[in-house]
Structure formats: C-alpha cells, structure tokens
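Chain by chain, the residues run as shown.
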Amino acid sequence: GGGGAAAAGGCAAHAALPEAGAEPAPQQRMVVEIAYCARCKWGLRAAWMAQEIMNTFEADLASINLAPSMEGGTYRISVQTSPGARPAVVFDRKVAGGGFPIPKEVKQAIRDIAFPDRELGKCLDKK
C-alpha cells in the first residue's frame, strides 16, 4: 500500500530536505518567468519547462511564473536573481531565430547566471 511517511502526513523526500533555517530567505530566492504565446497554445510547453526548472532549483525559487502573451511567437525565459535586479534573459525564441530550448541548456544558463560556482549534477554538467 501507500503507507510509510506519506500516511504519517509527510513524505520520504520531505524528510531529506534541509531544516527550515537552512533555506535561503525568500527575498534571496530567484524568480523565473516563462512568457509564452497564448495564441500559439504554448502554455503546456511553458508549464513543462517550469516543472523541469522546479525539479532542479526548487529550494532556490521564490516563484516561477507563467505569463501568457498575446504577442505572436513569444517564448522567453528570464530569471531575476534578487528583488530590484533587472531580469536576465535565459532564452528568447525571437532572438534565437525560432525553435525551443532543451531543459538541460536552460538549467545550465540559469545556473550560470544565478549560481556560477554550483554544479548541477553529473547528468546536467556535461557540456
């Protein structure tokens, strides 16, 4: 069955998280925004990328925002590393000449902007 830690009101993954005091303060966490063309129906693609980013940076995120745009062809990922900081563009489909980024490249770019000294793990750090 589905007993264990989940039945006790928690989950095994939660038990492995750092203590609450070890987490960065919310104002020190980054904000990621994925702006996407609503007319192109790219919301699901944006949500999938958001999930990929959350899987890697969950403890570092203040929020991850999905921003539907009526501007045709929009698919832009940006990261704001601190309040008041100018967001850095991680990917812009219009600048890239079309196409969509792969999650590994997006995660590496976010890491390079927000945490240049951090490793992402053996699967993601290979260039």
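Nothing here was measured: the structure is a model prediction, and the numbers come from that model.

K.L.:
Where do I start with the packing of aromatic side chains in this structure?
P.N.:
Applying the stated criterion to the full structure yields four aromatic pairs. Their ring planes at 90° and their centres at 4.9 Å tell us that Trp42 and Phe100 sit as a pair that is edge-to-face. In this pair, Trp42 sits in the loop between strand 1 (30-37) and helix 2 (43-57) while Phe100 sits in the loop between helix 3 (93-96) and helix 4 (103-114), placing the two residues 58 residues apart along the sequence. Relative accessible area serves as the criterion here: at 15%, Trp42 is assigned to the buried category. Assessed through its relative accessible area of 27%, Phe100 is described here as partly exposed. Relative to Phe91, the ring of Tyr75 has its centre 6.4 Å away and its plane inclined at 65°; by these criteria the two rings are edge-to-face.

K.L.:
Looking at this model, I keep getting lost on unusual backbone geometry. Mind explaining?
P.N.:
A negative phi angle is the norm for most residues apart from glycine, just as the trans form is the norm for most peptide bonds. We note that Lys41 has phi near 65°; this positive angle belongs to a residue other than glycine. Locating Lys41 in the fold gives a position in the loop between strand 1 and helix 2.

K.L.:
How should the packing of helix 2 against helix 4 be read in this particular structure?
P.N.:
The description of two helices packed together rests on the angle between their axes and the distance between the axes. Two numbers describe how helix 2 lies on helix 4: the axes approach to 10 Å, and their chain directions differ by 50°. In terms of their interaxial angle, helix 2 and helix 4 are classed as oblique. The handedness of the crossing between helix 2 and helix 4 is right-handed. Contact residues: helix 2 offers Trp48, Met49, Glu52, Ile53, Thr56 and Phe57, while helix 4 offers Pro103, Val106, Lys107, Ile110 and Arg111. Here the contact of helix 2 with helix 4 is composed, by residue class, of seven nonpolar, one polar and three charged.

K.L.:
Please clarify how the nonpolar core should be interpreted in this entry.
P.N.:
A general feature of soluble globular proteins is that nonpolar side chains tend to end up buried together. The biggest cluster of nonpolar side chains holds 20 residues, and the ones touching the most others in it are Ile34, Ile53, Tyr75 and Ile77. Those elements that place two or more of their residues in this core are strand 1, helix 2, strand 3 (75-80), strand 4 (88-92) and helix 4. Look past the residues within four positions of Tyr75 in its chain and what remains in contact with it is Ile34, Ala35, Tyr36, Trp42, Arg45, Ala46, Met49, Phe91, Asp92, Arg93, Phe100 and Pro101.

K.L.:
Explain the pattern of salt bridges here, please?
P.N.:
Opposite charge on two side chains lets them pair, provided their charged atoms get close. Applying the stated criterion across every chain, the model contains four salt bridges. For Arg118, the salt bridge is made with Asp60, and the minimal N-O distance between the two is 2.6 Å. In this pair, Arg118 is assigned in the loop between helix 4 and helix 5 (122-125) and Asp60 in the loop between helix 2 and strand 2 (61-69), connecting sequence segments 58 residues apart.

K.L.:
I tried to follow the sheet that holds strand 2 on my own but got confused; where do I start?
P.N.:
Note: strands within a sheet are paired through backbone hydrogen bonds, in either parallel or antiparallel orientation. The strand order across the open sheet built from four strands is 2-1-3-4, with neighbouring strands paired in mixed fashion. Each edge of the sheet is formed by a strand with only one pairing partner; in this case those strands are strand 2 and strand 4. The average undirected angle you get between the axes of adjacent strands in this sheet is 15°. Here strand 1 runs beside strand 3; their pairing, made up of six bridges, is antiparallel. By the bridge assignment for strand 3, Glu33 is matched with Ser78.

Definitions and limits used
Residues numbered from 1 in each chain as written. Predicted model: local features only at pLDDT ≥ 70, side-chain atom pairs only at ≥ 80, totals over all residues. Heavy atoms only, no water. Phe/Tyr/Trp six-rings, centres within 6.5 Å; stacked < 30°, edge-to-face > 60°. Helix = DSSP H or I, 4+ residues; strand = E, 2+ residues; numbered from the N terminus. Buried < 20%, exposed > 50% of the residue type's maximum accessible area, 1.4 Å probe, protein only. Axes fitted to C-alpha atoms, helices over the stretch in contact; angles between N-to-C directions. Parallel < 35°, antiparallel > 145°, perpendicular 65-115°, else oblique. Left-handed = near helix turned anticlockwise from the far one by under 90°. Contact = heavy atoms within 4.5 Å. Nonpolar A, V, L, I, M, F, W, Y, C, P; charged D, E, K, R; others polar. Core = buried A, V, L, I, M, F, W, Y, C linked by side-chain atoms within 4.5 Å. Salt bridge = Lys/Arg side-chain N within 4 Å of Asp/Glu carboxyl O. Pairing = 2+ DSSP bridges.

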